[in-house]
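Descriptive structure summary
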Amino acid sequence: MEKFRYLSNVTTLSLDIEACTGCGTCEIVCPHGVFEIEAHKAGIVDRDGCMECGACATNCPEEAIAVNPGVGCAAYIIQTWIKGKAAASCGGADCC
Amino acid sequence: MSSKTQNGNDCCTPDGPPCANEALTEMLPLYRKAPVDEPCCGPPQGPASSPFEKPGYRLCGFVEGFTNTPAGPVPRIKTRLELGDFLGTIKVRLGINRSQYKVAPGLYSIGDVTPMSPVLVTANYKLTFDMLRKGLDGEHAWVLILDTRGINVWCAAGKKTFSTAEVIHRVKQTRLQEIVSHRRLILPQLSATGVSGKQVKKGCGFKVTWGPIRTRDIKPFLMAGQKADKAMRLVTFSFPERLILVPVELTLLRKYLLWILLAGFILSGIGPGLFSIGPAWNRGLIMIAACAVGIFSGTVAVPLLLSWIPGRAFAIKGAISGLFMGAGMVLVAGKAISFVEAVALILLIVAGSSYLAMNFTGSTPYTSPSGVEKEMRRAIPFQSLAIILSIAAWVGSMFV
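Residues numbered from 1 in each chain as written. Chains lettered and ligands numbered in written order. Predicted model: local features only at pLDDT ≥ 70, side-chain atom pairs only at ≥ 80, totals over all residues. Heavy atoms only, no water.

1. Let's talk about the nonpolar core
Among the nonpolar cores identified, the biggest contains 37 residues, and Trp 142, Phe 162, Val 167, Val 171, Leu 176, Leu 185 and Leu 187 of chain B are the most heavily contacted of them. Taken together, the elements giving at least two residues each to this core come down to strand E7 (119-122), strand E8 (141-145), helix H3 (153-159), helix H4 (164-173), helix H5 (176-179), strand E9 (184-188), helix H6 (197-204) and strand E10 (207-211) of chain B. Considering each element in turn, this core owes the most residues, four residues, to H3 of chain B. Contacts of Leu 185 of chain B, omitting those with residues within four sequence positions, involve Val 119, Val 121, Val 167, Val 171, Leu 176, Val 200, Phe 206, Lys 207, Val 208 and Thr 209 of chain B. The next biggest cluster of nonpolar side chains, apart from the first, holds 24 residues, and it includes Leu 7, Val 10 and Tyr 76 of chain A together with Ala 315 of chain B. (Core = buried A, V, L, I, M, F, W, Y, C linked by side-chain atoms within 4.5 Å. Buried < 20%, exposed > 50% of the residue type's maximum accessible area, 1.4 Å probe, protein only. Helix = DSSP H or I, 4+ residues; strand = E, 2+ residues; numbered from the N terminus. Contact = heavy atoms within 4.5 Å.)

Here it is as structure tokens:
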């Protein structure tokens, strides 16, 4: 994915290094290689690679990772602007 | 555990009494050979019904038999795709009935499964199902299909239909703990967005192993003792992966076709004499052609040339591509259009291409919602302004 870079400094990803036990789950589930484990602690090695899918936060057993997850889809975001976050639907016949 | 008995049981004679199948299953307690296959008249008759057929059900083409388990018969599925599967794939790639292309959730088996065979979990989108069984050719495995409403793994995980609760529910519903002796599930890595491995273990006692992203990596993954290397864990967005998305992107625009035609002809006909048919037709065709160029730029050129077009924001990529294509169209049109009209067309193509390219973010595997929202807040005002200026110039050109 190195070939594709999206906007820098936008992700809501954060890691509480104190709470991390270095189990390595985040490194396994991240589809963009954002995390690496070194000396029994996870580290964010490619912050701008994060697409906020939320896989790491959902699976961190220590809840050391926080991210505001969502779908990076313009059509969906327009819906959230018009109808509000609760009513916006991703999907249906006309979506991904 | 597997019973492969199919039609062709020699103990049954056409006139004899029905006899028990050797491997008795709940699905086919009795099997009787069809009576004389020679028709008395007319063309030869079709083959006899499959012994796996059941009143009120339709046997799926991908089922080749049934595996007996303590929790009842489990369909054994083919690992080679057939013509019908390929035709189905082509149809959904063209966006035809895409939301209805699904298989029944539940447990399936592949090869000669035993209670020790691994369990792979996936979505009930038929395209996903086909890719998984193809990737498992030659393996012996259980396949647990979740009800993701016919949506692929990653999107379903994002929408939370491929969820912790659904995994737990489906494990219990299929009585998996009676069928397999181990307590492990292999989930596709991309489902981690919707599934917490820890909660699955808590909820049904099965431990989650994160499998590779792509089905072609499943065999190496199983061979390596259920270990995925780094490359298997990272998403890619190669040229073929982008190419395959283009037809759906285009078919999603069908609903705008009528509006484009209407707007094109009406805006082009407005002039000093209020409205004239001649220009409505002649100029209308040019404006509609410009819309087509903009659509091509935003939904075909940008996705395909994604890594070569400068800029990170999709709106910028779309605008750059639109500028080149718009300039190209104006050059081709030559003296057929005035300078003001040329400006109007370029603005239209740039704005349309930029907007459509921005919409392609939803189909990429690397754009973050924070990023998309940020670029939209910046780009939409410019796109709107360009459209307004374009229309003003296009209509205005009739008055100068």
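2. A few points about the side chain of Thr 122 of chain B
All names here are of chain B. For Thr 122, the position within the fold is in strand E7. On the basis of relative accessible area, Thr 122 is assigned to the buried category, the value being 5%. The residues contacting Thr 122, other than those within four sequence positions of it, are Thr 128, Leu 132, Leu 144, Ile 145, Leu 146, Val 153 and Phe 162.

3. Here we look at the interface of chain B and chain A
Interface size, as often reported, equals the accessible area lost upon joining of the parts. Between chain B and chain A, the residue contacts involve 49 residues of the former and 40 residues of the latter. Buried area between chain B and chain A, both sides added, is near 3,900 Å², and the carbon and sulfur share of it is 61%. Of all residues in chain B, Arg 312, Tyr 366 and Pro 369 of chain B bury the most surface against chain A, accounting for 17% of the area lost on that side. Inspection of the chain B/chain A interface yields one salt bridge. Our enumeration of links across chain B and chain A arrives at 16 residue pairs in polar contact (both at pLDDT 80 or more). Here the element with the most residues in the side of chain B that touches chain A is helix H14 (residues 369-396) of chain B; it accounts for ten residues. The class makeup of the residues in the side of chain B that touches chain A is 23 nonpolar, 14 polar and twelve charged. (Buried area = accessible area lost by both parts, 1.4 Å probe. Salt bridge = Lys/Arg side-chain N within 4 Å of Asp/Glu carboxyl O. Polar contact = N/O pair within 3.5 Å; in protein donor to acceptor, adjacent residues only side chain to side chain. Nonpolar A, V, L, I, M, F, W, Y, C, P; charged D, E, K, R; others polar.)

4. Structural notes on unusual backbone geometry
Positive phi, close to 60°, is recorded for His 40 of chain A, a residue that is not glycine. By secondary structure assignment, the location of His 40 of chain A is in the loop between strand E2 (35-38) and strand E3 (41-44).

5. Side note on the packing of helix H10 (residues 257-269) of chain B against helix H11 (residues 277-305) of chain B
Residues and elements named next belong to chain B. Two elements in contact, H10 and H11, have axes whose closest approach is 7 Å; the angle formed by their N-to-C orientations is 135°. Classed by the angle they form, the pair H10 and H11 counts as oblique. Both H10 and H11 take part in a crossing whose hand is right-handed. On H11, the residues that touch Ile 260, Leu 261, Gly 264, Phe 265, Leu 267, Ser 268 and Gly 269 of H10 are Pro 279, Ala 280, Trp 281, Arg 283, Gly 284, Leu 285, Met 287, Ile 288, Cys 291 and Ile 295. (Axes fitted to C-alpha atoms, helices over the stretch in contact; angles between N-to-C directions. Parallel < 35°, antiparallel > 145°, perpendicular 65-115°, else oblique. Left-handed = near helix turned anticlockwise from the far one by under 90°.)

6. Concerning the pattern of salt bridges
Side chains bearing opposite charge may pair, as long as their charged atoms lie close to each other. Enumeration according to the criterion identifies 14 salt bridges over all chains in this entry. A salt bridge links Asp 46 of chain A to Arg 5 of chain A, with the nearest nitrogen and oxygen atoms 3.0 Å apart. Note that Asp 46 of chain A is positioned in the loop between E3 and helix H2 (55-59) and Arg 5 of chain A in the segment before strand E1 (14-15), a separation of 41 residues in sequence. Notably, a salt bridge pairs Arg 133 of chain B with Asp 85 of chain B, separated by 3.1 Å at the nearest N-O pair. In this pair, Arg 133 of chain B sits in helix H2 (residues 126-135) while Asp 85 of chain B sits in helix H1 (residues 83-93), placing the two residues 48 residues apart along the sequence.

7. What to know about the confidence of the model for chain B
On average, residues of chain B carry a pLDDT of 89, and 90% of them reach 70 or more. Confidence drops under pLDDT 50 across residues 1-12 of chain B; counting only partners more than four residues distant or on other chains, this segment forms 39 contacts. (pLDDT = per-residue confidence, 0-100.)

8. Some remarks on the environment of Gly 150 of chain B
All names here are of chain B. Structurally, Gly 150 is set in the loop between E8 and H3. Between the alpha carbons of Gly 150 and Glu 53 there is a distance of 25 Å; along the sequence they are 97 residues apart. Setting aside residues up to four positions removed in sequence, Gly 150 forms contacts with Tyr 101, Lys 102, Asn 124 and Tyr 125.

9. A look at the environment of Tyr 125 of chain B
Counting through the fold element by element, Tyr 125 of chain B comes out in the loop between E7 and H2. Tyr 125 of chain B gets classed as buried once you look at its relative accessible area, which sits at 10%.

10. What about the pairing of E3 of chain A?
Within a regular beta strand, the side chains point alternately toward one face of the sheet and then the other, so they alternate between its two faces. Residues and elements named next belong to chain A. Note: E2 against E3, four bridges, orientation antiparallel. Residue pairing for E3: Ile 37 is matched across the bridge by Ala 42. Between E2 and E3, which pair antiparallel and follow one another directly, the connecting turn spans two residues, one of which, Ala 39, has a positive phi of 50°. (Pairing = 2+ DSSP bridges.)

11. Observations regarding the packing of aromatic side chains
Residue and element names in this part refer to chain B. Counted under the stated rule, the structure contains twelve aromatic pairs over all chains. Taken together, a centroid distance of 6.1 Å and an interplanar angle of 45° make the contact between Phe 314 and Tyr 366 tilted. Here Phe 314, found in helix H12 (residues 314-333), pairs with Tyr 366, found in the loop between helix H13 (339-359) and H14; they are 52 residues apart in sequence, far enough to count as distant. There is no split in this pair, since Phe 314 and Tyr 366 are both buried. (Phe/Tyr/Trp six-rings, centres within 6.5 Å; stacked < 30°, edge-to-face > 60°.)

12. Considerations on the packing of H11 of chain B against H13 of chain B
Residue and element names in this part refer to chain B. Between H11 and H13, the least distance of the axes is 8 Å, while the angle of their chain directions is 35°. Regarding H11 and H13, the two cross each other, and that crossing is right-handed. Taking contact as the criterion, the partners of Arg 283, Ile 286, Met 287, Ala 290, Cys 291, Val 293, Gly 294, Ile 295, Ser 297, Gly 298, Thr 299 and Val 302 in H11 are, on H13, Glu 341, Leu 345, Leu 348, Ile 349, Ser 353, Leu 356 and Ala 357. Here the contact of H11 with H13 is built from residues that sort into twelve nonpolar, five polar and two charged.

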